[in-house]
Amino acid sequence: MRERSALEVLLTFLKLGLTSFGGPIAHIGYFREEIVVRRRWIDDAKYTDLVALCQFLPGPASSQVGFSLGLIRAGYWGALAAWTGFTLPSAVLLTAFAYGAGALGGPIGLGVLHGLKLVAVAIVAQAVWGMARTLCPDRPRASIACVAALMILANTSSLAQISAILLGGVAGLWFCRTSAPTSPGSLGVPVSRHVGVLALTSFFVLLIALPALSGSSHVVELFDAFYRSGALVFGGGHVVLPLLSKEFVTPGWVSQDSFLAGYGAAQAVPGPLFTFAAYLGAVVEPAHAIAGAALGLLGIFLPGFLVLLGTLPFWDVFRQRVGAQAIMRGINAAVVGLLGAALYNPLWISSVKSSGDFALALIGFVLLTAWRAPPFIVVILSALGGIALA
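On a predicted model such as this, the values are computed, not experimentally measured, just so you know.

Colleague: Sorry if this is basic, but what is going on with the overall build of the protein chain here?
Modeller: What the protein chain contains, in helices and strands, is 16 helices and zero strands. The globule rule puts the C-alpha radius of gyration for 390 residues at 21 Å, and the 20 Å found for the protein chain is close to it. The principal-axis extents of the C-alpha atoms in the protein chain amount to approximately 65 × 55 × 45 Å. The buried share of the protein chain, taken over its 390 residues, is 53%. Across the protein chain, contacts joining residues at least 24 apart in sequence account for 77% of those joining residues at least 6 apart. In the protein chain, 22 positive and 15 negative side-chain charges are present, and the distance between their average locations comes to 11 Å.

What follows is the structure, given as structure tokens:
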């Protein structure tokens with residue numbers, strides 16, 4: 001049963017890895033539509049709890065959410081299957097790009113890229129719409145979401161995101177209490193406290209030991225550069241780029257031009273932006289490009305997953321407490337506000353430039369919400385629409 005479930009998880013996330021364009025915020029929308037709405041592996045409240053937790057932790061938030069969903073569905077093999085399926089398509093494409101594969105160019109290529117940015121607008125709008133109806137049903141929570149959105153619109157840094165979530169929790173403790181506690185149920189995460197403590201210990205041991213050992217081997221030095229980049233980034237996605245630039249461009253391992261070319265390619269492929277590490281690993285080790293890409297992926301994703309495994313066993317206990325439930329109501333509302341702010345910046349302002357762009361994004365939104373069209377169909381139609389607009 002577990003093996004069959006792991007295969008189900010692999011195929012589900014492989015489809016997501018092939019069609020999830022638009023960055024981590026859009027990925028959360030894709031995940032919700034596929035896992036919560038269509039497959040009903042967990043409900044909206046538990047899903048948003050996971051999103052809120054992963055926003056707190058260092059590492060790639062959307063990949064951590066996917067890893068958790070696979071873990072809940074099919075144990076450790078399911079977690080590995082979810083990560084593999086979601087990561088593999090973009091990792092393969094970026095490794096191929098490092099070998100010299102051409103990027104999309106010309107009017108048709110630019111039109112496809114523009115259409116994919118517009119489908120991300122539709123996906124995030126759908127997620128905000130659905131989550132707001134479920135998680136902000138009253139005045140206090142709607143107000144918390146509004147304040148969180150205003151905070152992020154004023155300051156888009158990862159510190160502002162974490163601050164908005166924290167303030168949402170404090171507001172929830174004051175304004176979102178109920179007379180009787182509700183049972184959120186167990187997330188069903190098969191991770192013991194012993195494993196959690198071991199994972200957290202491993203995270204800190206590697207963070208301290210790898211720099212001390214980096215002089216002993218080029219492989220260890222390379223792994224350390226990826227590991228520290230993944231361990232010290234909060235907010236995921238684009239936030240990791242300056243860290244990677246410092247680790248690879250500054251010491252001369254990768255030229256600035258090559259770094260920016262890889263970054264541009266990473267924007268054009270689906271899946272997590274952290275797979276940019278596969279490109280860097282392949283460029284740094286051209287004689288062993290596939291091994292270098294694999295080392296980059298392992299190094300940059302490992303710290304985020306270790307922290308996640310170390311936190312999940314204690315998350316269920318926290319969620320059961322009366323005060324914690326009030327805090328989570330406020331945090332969930334704040335997460336909706338964060339998604340709403342992200343819908344405007346960066347997605348809307350970087351994608352919707354004309355009435356034609358708005359029309360294409362609106363069509364995608366209606367197809368997703370009213371017609372319940374599969375996301376990959378909307379991705380294809382939006383790509384074709386982008387070509388037509390170009």
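Picking up where we left off.
Colleague: Just checking my understanding: could you explain the nonpolar core for this structure?
Modeller: One recurring pattern in soluble globular proteins: nonpolar side chains tend to sit buried together. Phe13, Tyr47, Leu69, Leu244, Phe248 and Leu280 are the most contacted members of the largest nonpolar core, which has 123 residues in total. Leaving out residues up to four positions away in the same chain, Phe13 has contacts with Phe31, Ile35, Trp41, Gly66, Leu69, Ala82, Gly85 and Phe86.

Colleague: I'm lost on the packing of helix H8 (residues 193–213) against helix H9 (residues 218–231) in this one. Help?
Modeller: Working note: a packed helix pair is described by the angle between its axes plus the distance between those axes. The contact between H8 and H9 brings their axes to 9 Å, and the two run at 140°. Viewed along their axes, H8 and H9 adopt a mutual orientation that is oblique. Here the hand of the crossing between H8 and H9 comes out left-handed. Taken together, the residues of H9 that come into contact with H8 (itself represented by Ser202, Phe203, Leu206, Leu207, Leu210, Pro211 and Leu213) are Val220, Phe223, Asp224, Tyr227, Arg228 and Ala231. For the contact of H8 with H9, the residue count by class is 10 nonpolar, one polar and two charged.

Colleague: How do you make sense of a nonpolar patch on the surface when you look at a structure like this?
Modeller: A surface patch of nonpolar side chains, amounting to about 600 Å² of accessible area, comprises Ile108, Phe376, Ile377, Ile380, Leu381, Leu384 and Ile387. With six residues, helix H16 (residues 375–389) is the largest single contributor of residues to the nonpolar patch. Within the element layout of this structure, Ile108 appears in helix H5 (residues 106–135). Accessibility expressed as a relative area gives 57% for Ile108, which makes it exposed.

Colleague: Where do I start with the packing of aromatic side chains in this structure?
Modeller: Each aromatic ring pair is specified by the distance between its two centres and by the angle formed by the two planes. In the structure shown here, the tally under the stated rule is 16 aromatic pairs. With 5.0 Å between their ring centres and 70° between their planes, Phe31 and Phe86 make a pair best called edge-to-face. Residue Phe31 is found in helix H2 (residues 24–38), and its partner Phe86 is found in helix H4 (residues 61–98); the two are separated by 55 residues along the sequence. Neither Phe31 nor Phe86 differs from the other in exposure class; each is buried. A ring pair is formed by Phe203 and Phe204, whose centres lie 4.9 Å apart and whose planes are at 80°; its orientation type is edge-to-face. By way of ring pairs, the aromatic residues Phe67, Trp83, Phe274, Phe301 and Phe305 are connected into one cluster.

Colleague: Even after reading the chapter, I still don't get unusual backbone geometry, so can you show me in this structure?
Modeller: As a rule of thumb, non-glycine residues mostly have phi less than zero, and peptide bonds are mostly trans rather than cis. Although it is not a glycine, Arg40 sits at a positive phi angle of roughly 55°. Judged by its relative accessible area of 68%, Arg40 is exposed. With phi around 55°, Arg372 is a residue other than glycine that occupies positive phi space. Position of Arg372 relative to the elements: it lies in the loop between helix H15 (355–369) and H16.

Colleague: How do you make sense of the side chain of Thr87 when you look at a structure like this?
Modeller: Summarising the element assignment, Thr87 is placed in helix H4. A residue is classified by how much of its surface remains accessible, and Thr87, at 3% relative accessible area, is buried. Among the polar contacts listed, one links the side chain of Thr87 to the backbone oxygen of Trp83, at a separation of 2.7 Å. Those residues in contact with Thr87, other than ones at most four positions away along the chain, are Pro272, Thr275, Leu297 and Phe301.

Colleague: Quick question: what am I supposed to make of the packing of H9 against helix H12 (residues 276–284) here?
Modeller: Following both chains from N to C, one finds H9 and H12 inclined at 155°, their axes separated by 12 Å at the closest point. What the angle tells us is that H9 and H12 run roughly antiparallel. For the element pair H9 and H12, the recorded crossing hand is right-handed. The residues of H12 that touch H9, namely those facing His218, Leu222 and Phe226, are Ala277, Leu280, Gly281 and Val284. When the residues that make up the contact of H9 with H12 are grouped by side-chain class, the tally is five nonpolar, two polar and no charged.

Colleague: Where do I start with the environment of Ile380 in this structure?
Modeller: Here Ile380 lies in helix H16. Look at Ile380 and you get partly exposed, because its relative accessible area is 46%.

Colleague: How should the side chain of Asp357 be read in this particular structure?
Modeller: By secondary structure assignment, the location of Asp357 is in helix H15. Nearest to the buried, unbridged Asp357 among oppositely charged side chains is Lys353, at 7.7 Å. Discounting chain neighbours no more than four positions away, the residues touching Asp357 are His114, Leu118, Ser351, Val352 and Leu389.

Rules of the game
- Residues numbered from 1 in each chain as written.
- Predicted model: local features only at pLDDT ≥ 70, side-chain atom pairs only at ≥ 80, totals over all residues.
- Heavy atoms only, no water.
- Helix = DSSP H or I, 4+ residues; strand = E, 2+ residues; numbered from the N terminus.
- Rg over C-alpha atoms; globule rule 2.2 N^0.38 Å.
- Buried < 20%, exposed > 50% of the residue type's maximum accessible area, 1.4 Å probe, protein only.
- Contact = heavy atoms within 4.5 Å.
- Lys, Arg positive; Asp, Glu negative; His and termini not counted.
- Charge placed at Lys NZ, Arg CZ, Asp CG, Glu CD.
- Core = buried A, V, L, I, M, F, W, Y, C linked by side-chain atoms within 4.5 Å.
- Axes fitted to C-alpha atoms, helices over the stretch in contact; angles between N-to-C directions.
- Parallel < 35°, antiparallel > 145°, perpendicular 65-115°, else oblique.
- Left-handed = near helix turned anticlockwise from the far one by under 90°.
- Nonpolar A, V, L, I, M, F, W, Y, C, P; charged D, E, K, R; others polar.
- Patch = residues over 30% accessible without salt bridge, like charges linked within 9 Å, V, L, I, M, F, W, Y side chains within 5 Å.
- Areas by Shrake-Rupley, 256 points an atom, 1.4 Å probe, with all protein chains shown as cover.
- Salt bridge = Lys/Arg side-chain N within 4 Å of Asp/Glu carboxyl O.
- Phe/Tyr/Trp six-rings, centres within 6.5 Å; stacked < 30°, edge-to-face > 60°.
- Polar contact = N/O pair within 3.5 Å; in protein donor to acceptor, adjacent residues only side chain to side chain.

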